[in-house]
Amino acid sequence: MIHAAPAILLLPLVGFLVLAFSGRRLGDPAAGWVGTLAVVGSFVAAVVTFVGLHHMGPDHREVTQTWFTWIPVGGLKVSIGALVDPLSTTMTLFVTGVSALIHLYSIGYMKGDPDFRKFFVYLNLFVFSMVVLVLGGNFLFTFVGWEGVGTCSYLLVGFWFERNTAATAAKKAFVVNRMGDFGFLLAMFLVVGHFGSLDYRTVFTHLGGPSPLSHTTALAISLLLLLGAVGKSAQLPLYSWLPDAMEGPTPVSALIHAATMVTAGVYLMTRVNPILSVSPAAYTAIAVLGAVTAFYAATVACAQDDIKRVLAYSTVSQLGYMFLGVGSAAFGAAIFHMLSHAFFKALLFLAAGSVIHALHDEQDMKRMGGLRRYLPVTAPTFFVAWLAISGVPPFNGFWSKDDILGAAYHKSPALWAVGVATVLLTAYYMTRQVVLVFNGQARWSTARASAPDSGVAHGGAGGHGGSGEPHEGPWVMRYPLVILAVATVFGGLIDLPFGKLKFLDTWLSHVASGQGDLATQSGALRASLLTVTTVVALVGLGLAWSLWSRRVDRPQLEPALLRTSYHVDDISTAVFTQAGGAFSRALATVVDNRIVDGFVNGVGAGARGLGGVVRRLQTGYVRNYALGIAAGTVLILGFMLARVG
């Protein structure tokens, strides 16, 4: 049944091609159903592949499928094919499953958009690129998918490009990701230089061969791949594109943040764990980066008013947790949290989209309130995701986050302390969001009455809100919320920390095993760590509820430093735009105009002067030429006689 793997990749590609070349024959909603069914088919193929792989023995769950040779150059041969193993099948399951729900939701959310078909063209291409990334059997084929999701993010973030903010955000995402891609490319050059191959199995098999990988080379490859992962998974300092990506339609936010793209960096670090294990310093760098990013983004989320922007910084923070897990060599815990995050973060974004849909494109939480009574499906499902991301038992986020924190404690109590502080902040800012959006008095009616009539906004969200009371969207928007809520409640069952119930850890053990095994910790210690994080999460919930249920504005808790993300964009503008622009102008003036152009102009002037001198010899008189020939002949004869003598 593992031969169904090509269908996982081909079905979204077929959907993309059908939609791209259908012209106006497929519109609203037919294009949406074609795109959705293509991804649903891909999910079914992923399930079939998973079942087939599960029936194999643990030592045989790594199958390489080579479809054709792509680059045969000398001793280097790069093939197009899939590496079907527990890690890639796990990734394809949640990528295609969550993406299918987002596609279904988009049919209702984007209804009435003039570019409805084009939206699903991009979505199908996005899913295809992500599947290529996770199924690729070598670094280069993975890089094709890596670049594909980057391109699709540019197209989808800037989907409503008539808005200057959307166009700017798309360009920012594209440029920042190119910085990370530079590291990925250099890492591949080093891999080829040392191993003569880009195939994962070949590289990992020869790590300790006749020419073992040195600690220095392993560290260089690891840090360069980390640079690529930092760009794609929005870690410090290359995170700033992700909050701005909220300019895209809400289903795009859910797709990028939950099911695709931002998880690519965590997947890459897990995939290359054999290389990381050669250089322990790489683990430390990843763990520290993840912990700092998680805490930093959580502080910023505490002061945001935009409902989607809070969730964007939350994504950056949760990705930091995943990097902390990878850096603690707890790869199973990192993938477990990736799965948990896919469920509750997709649910949060889609529920936020329902709120925006109901409020006629309103995104300011302080202009909402009291929506629990009007959104009977959205509100409870949002509450489920809120408790899960806050780390409240028994939801999936509690189990996966505490797995990571337990491994972090095993590596360094200081990293664990940063992670626990982030738990407090996460519970605080998510509770603040719930209170401002769903509880208290309805502020949206006053805000709507005082707002100027700017017409219908872009897309479905703006086209359905109307001026009446908020209401739920159509069934295609409600059902995905319910399914994701169920997955969020019961998703933790795939890796409970009780003996044989740790299915995911066991499933991934032959692909991604590290030193982060919590089996060395005593039961009392693990119970104590779980208790501490649970109490901290509940304190964060209670604190935010007491502070924000009575007042909407608390400027002392929302300082400008946090609202502006520590002025990172201002600093970037000063460094790269102003200082970089001044440096570029100086280079243009001194190096280009004076040195380069001066040299070129000097050569031209010299040639022109030499030509003027030589021109004087061309008199046009034959006797002068004959005299010149005679003089030349005499000089040559004289030179020859002198040498003979």
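Overview of the structure. (Residues numbered from 1 in each chain as written. Predicted model: local features only at pLDDT ≥ 70, side-chain atom pairs only at ≥ 80, totals over all residues. Heavy atoms only, no water.)

1. Some points on helix 6 (residues 164-195)
- Compared with an ideal rise of 1.5 Å per residue, which puts 32 residues at 46 Å, helix 6 spans 47 Å between its outermost C-alpha atoms and is within 8% of the ideal.
- Roughly 25 degrees is the biggest bend found in helix 6, and it falls at Met179.
- Looking one or two residues past helix 6, Gly196 carries a phi angle of roughly 70 degrees, positive in sign. (Helix = DSSP H or I, 4+ residues; strand = E, 2+ residues; numbered from the N terminus. Expected span 1.5 Å × (residues − 1). Bend = angle between axes of the 7 residues up to and from the residue.)

2. Looking at the nonpolar core
- Counting residues in each nonpolar core, the largest one holds 186 residues, and the members touching the most others are Phe139, Trp241 and Met269.
- Ranked by the residues each element gives to this core, the list is headed by helix 15 (residues 331-358), at 19 residues.
- The residues contacting Met269, other than those within four sequence positions of it, are Ser222, Leu225, Leu226, Ala229, Leu276, Ile286, Phe323, Val326 and Phe331.
- Ala291, Leu324, Ala333 and Leu529 belong to the second-largest nonpolar core, a separate cluster that totals 17 residues. (Core = buried A, V, L, I, M, F, W, Y, C linked by side-chain atoms within 4.5 Å. Buried < 20%, exposed > 50% of the residue type's maximum accessible area, 1.4 Å probe, protein only. Contact = heavy atoms within 4.5 Å.)

3. Overview of a nonpolar patch on the surface
- On the surface, Phe583, Leu587, Val590, Val591, Ile595, Val596, Phe599, Val600 and Val603 cluster together to form a nonpolar patch covering roughly 810 Å² of accessible area.
- Tracing the chain through its elements places Val600 in helix 25 (residues 568-615). (Patch = residues over 30% accessible without salt bridge, like charges linked within 9 Å, V, L, I, M, F, W, Y side chains within 5 Å. Areas by Shrake-Rupley, 256 points an atom, 1.4 Å probe, with all protein chains shown as cover. Salt bridge = Lys/Arg side-chain N within 4 Å of Asp/Glu carboxyl O.)

4. A closer look at the layout of surface pockets
- Of the volumes computed, that of the largest pocket is approximately 530 Å³.
- Considering the residues around the largest pocket, the lining is formed by 23 residues, among which Phe43, Leu93, Phe94, Leu339 and Phe343 are closest to the centre.
- Listed by contribution, the elements that provide at least two residues to the lining of the largest pocket are helix 2 (30-54), helix 3 (86-109), helix 15, helix 21 (475-490) and helix 22 (503-508).
- When residues in the lining of the largest pocket are grouped by element, the largest group, seven residues, is from helix 3.
- Residue classes in the lining of the largest pocket are distributed as 20 nonpolar, three polar and no charged. (1 Å grid on protein atoms, 1.4 Å probe; cavity = no way out; pocket = protein on both sides within 12 Å on 5 of 7 lines; lining within 4 Å. Points joined across faces, edges and corners; volume = space filled by probe spheres on them. Nonpolar A, V, L, I, M, F, W, Y, C, P; charged D, E, K, R; others polar.)

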